[in-house]
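Report on the structure
Residue strings, one per chain:
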Amino acid sequence: MKTASLEETGKLAADFTKGISGYAKSIDREIVIMEVCGTHTVALRKHGIHSLLPRNIRLVSGPGCPVCVTPASFIGNSLELLENDKSVHIATFGDMAKVPDDKGRTLSGYTGTGRVRIVYSPADLIALCAETDGEVVFLGIGFETTIPAVASTLLRAKKTGLANLSVYACFKQVPPALLALLSNPACDLDALLLPGHVSAILGLAPYQFIVENWHMPAVVAGFEGLDLLSAIFMIVRQLASGRGTVENAYGRAVRNEGNVKALAIMREVFSPVTSLWRGLGTIPLSGLGLNNDFARFDAERRFELPPLTDTEQDGCMCAEVIQGKTQPRDCPFYGSRCTPDRPVGPCMVSSEGACAAWFFYGDAPI
Ligand code: SF4
Ligand code: SF4
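So, here is what we can say about the structure in this document. Please read all numbers here as calculations on a predicted model, not as lab measurements.

Rules and cut-offs
Residues numbered from 1 in each chain as written. Chains lettered and ligands numbered in written order. Predicted model: local features only at pLDDT ≥ 70, side-chain atom pairs only at ≥ 80, totals over all residues. Heavy atoms only, no water. Buried < 20%, exposed > 50% of the residue type's maximum accessible area, 1.4 Å probe, protein only. Helix = DSSP H or I, 4+ residues; strand = E, 2+ residues; numbered from the N terminus. Pairing = 2+ DSSP bridges. Axes fitted to C-alpha atoms, helices over the stretch in contact; angles between N-to-C directions. Contact = heavy atoms within 4.5 Å. Near = heavy atom within 4 Å. Nonpolar A, V, L, I, M, F, W, Y, C, P; charged D, E, K, R; others polar. Phe/Tyr/Trp six-rings, centres within 6.5 Å; stacked < 30°, edge-to-face > 60°. Lys NZ or Arg CZ within 6 Å of the ring centre and 35° of its normal.

Here we look at the pairing of strand 5 (residues 135-140)
With respect to burial, strand 5 is a largely interior element, 6 of its 6 residues being buried. Here strand 5 shows no split at all, with Glu135, Val137 and Leu139 on one side and Val136, Phe138 and Gly140 on the other all buried. The sheet contact formed by strand 3 (residues 88-92) and strand 5 spans 4 bridges and is parallel. Counterpart to His89 in the pairing with strand 5 is Val136. In the sheet, strand 5 pairs with strand 6 (residues 165-169) via 5 bridges, with the strands oriented parallel. Counted as the bridge partner of Val136 is Leu165 from strand 6.

See the structure below:
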């Protein structure tokens, strides 16, 4: 594939910016666009896209960071499990170890004991189980992007009779969360920037309900500056002509039908379950739980873990940030009590969190 020169890229960016300004001017009111995905929040800030947009376009962060939407009680339950069952070792992605539970405790306090292990891919779990004398409980968080890799690991574990692996499943699905968000009467969004990686798995069909119910532009975007500008251009072009459709501005990675093989693996291992989200509450069929054939890998059943509760640390505004109701800078803890070195909430911990993105790449409002 031919890559664009710096000059060509600059010209394209200028053309998109001019086009966005023209359409935004013709709309002549505030346009609120939610970037659903946490990596988009970071990329928009990193590429300084906000500085190129007209004043009547406002971008707000959405619930697209898996660490941020996981309730604090999930960490609390994991800590209790470590306390109560000395045979248990927790395997987790790095960010989760730094997120405080509702009492301010973190899993990172255990990393020195060897009972909390950081993994970079679900595939690492097989080797970890082989070298661990005891139970390995994987903290299963993430969206449709991560879930097929976990499903594939569990298929392998079942085939090889791996006995000491289980998954504490808190997986989330993006479309039901968008349905809940848009169904809220207080929702004032005009359009959605849809996640790139999630859409590479799901394809475009699961987003059609947005158009059918809300007649709203919803555009899948990639992660480079030009990807984001072209997606915003497509959004304002739709708004200016009164259209509301699902479009794909990330054709080099996202196919209409998604990744059929990954979807099949996911469905073989998991089924939709009602799930609790930080900020969004309980959403029907928005999570994924293990199918009965995989019950022995289900940590919740195996260790009789209590249900999750919706309790957060006092004063933490992550729940509002995740819903796009509050900008990070409006949280009284932002930059004072809460920094990436001493995070109070997950939005400051995660590399995809809105508060961390504002902190690292500038906190001028978009
Ligand atoms: S998995 Fe990819 S597309 Fe989904 S929220 Fe994370 S970065 Fe965005
Ligand atoms: S600044 Fe900290 S406490 Fe406030 S919303 Fe962000 S992460 Fe949560």
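Having put the structure on the table, let's press on.
Observations concerning the sheet that holds strand 3
Pairing between the strands of a sheet is mediated by backbone hydrogen bonds and can be parallel or antiparallel. Taken in spatial order, the 4 strands line up as 4-3-5-6 in an open sheet, and their pairing is parallel. Looking at the sheet topology across the chains shown, the edges are occupied by strand 4 (116-118) and strand 6. Within this sheet the neighbouring strands show an average axis-to-axis angle of 30°, counted without direction. Docked against the sheet, helix 6 (residues 124-131) engages strand 3, strand 4, strand 5 and strand 6, running at close to 155° with respect to strand 5.

Side note on the site of ligand 1
Every residue lining ligand 1 is accounted for by Cys37, Thr39, Gly64, Thr145, Pro195, Gly196, His197, Val198, Phe223 and Glu352. Per-element accounting of the shell around ligand 1 gives the leading share, 3 residues, to helix 9 (residues 196-202). Partitioning the shell around ligand 1 into residue classes produces 4 nonpolar, 5 polar and 1 charged.

So, the packing of aromatic side chains
Two descriptors summarise a pair of aromatic rings, namely the distance from one centre to the other and the angle between the planes of the rings. Counting across every chain of the model gives 11 aromatic pairs. The interplanar angle of 85° and the centroid separation of 5.4 Å between the aromatic rings of Phe93 and Phe138 together place this pair among those described as edge-to-face. Taken together, the positions of Phe93 in the loop between strand 3 and helix 5 (94-98) and Phe138 in strand 5 put the pair 45 residues apart, joining distant regions of the chain. The buried category is assigned to Phe93, whose relative accessible area is 18%. Given a relative accessible area of 0%, Phe138 falls into the buried group. Ring geometry for Tyr334 and Phe359: centres 6.4 Å apart, planes at 75°, overall edge-to-face. Highlighted residues: Tyr334 in the loop between helix 14 (318-322) and helix 15 (346-349) and Phe359 in helix 16 (residues 354-361), separated in sequence by 25 residues. One aromatic cluster in this structure is built from Phe16, Tyr23 and Phe233. For Arg45, the ring lying beneath its charged end belongs to Trp358, and the centroid distance is 4.2 Å. Here the guanidinium or amino end of Lys158 rests over the ring plane of Phe294, the centre of that ring lying 4.9 Å away.

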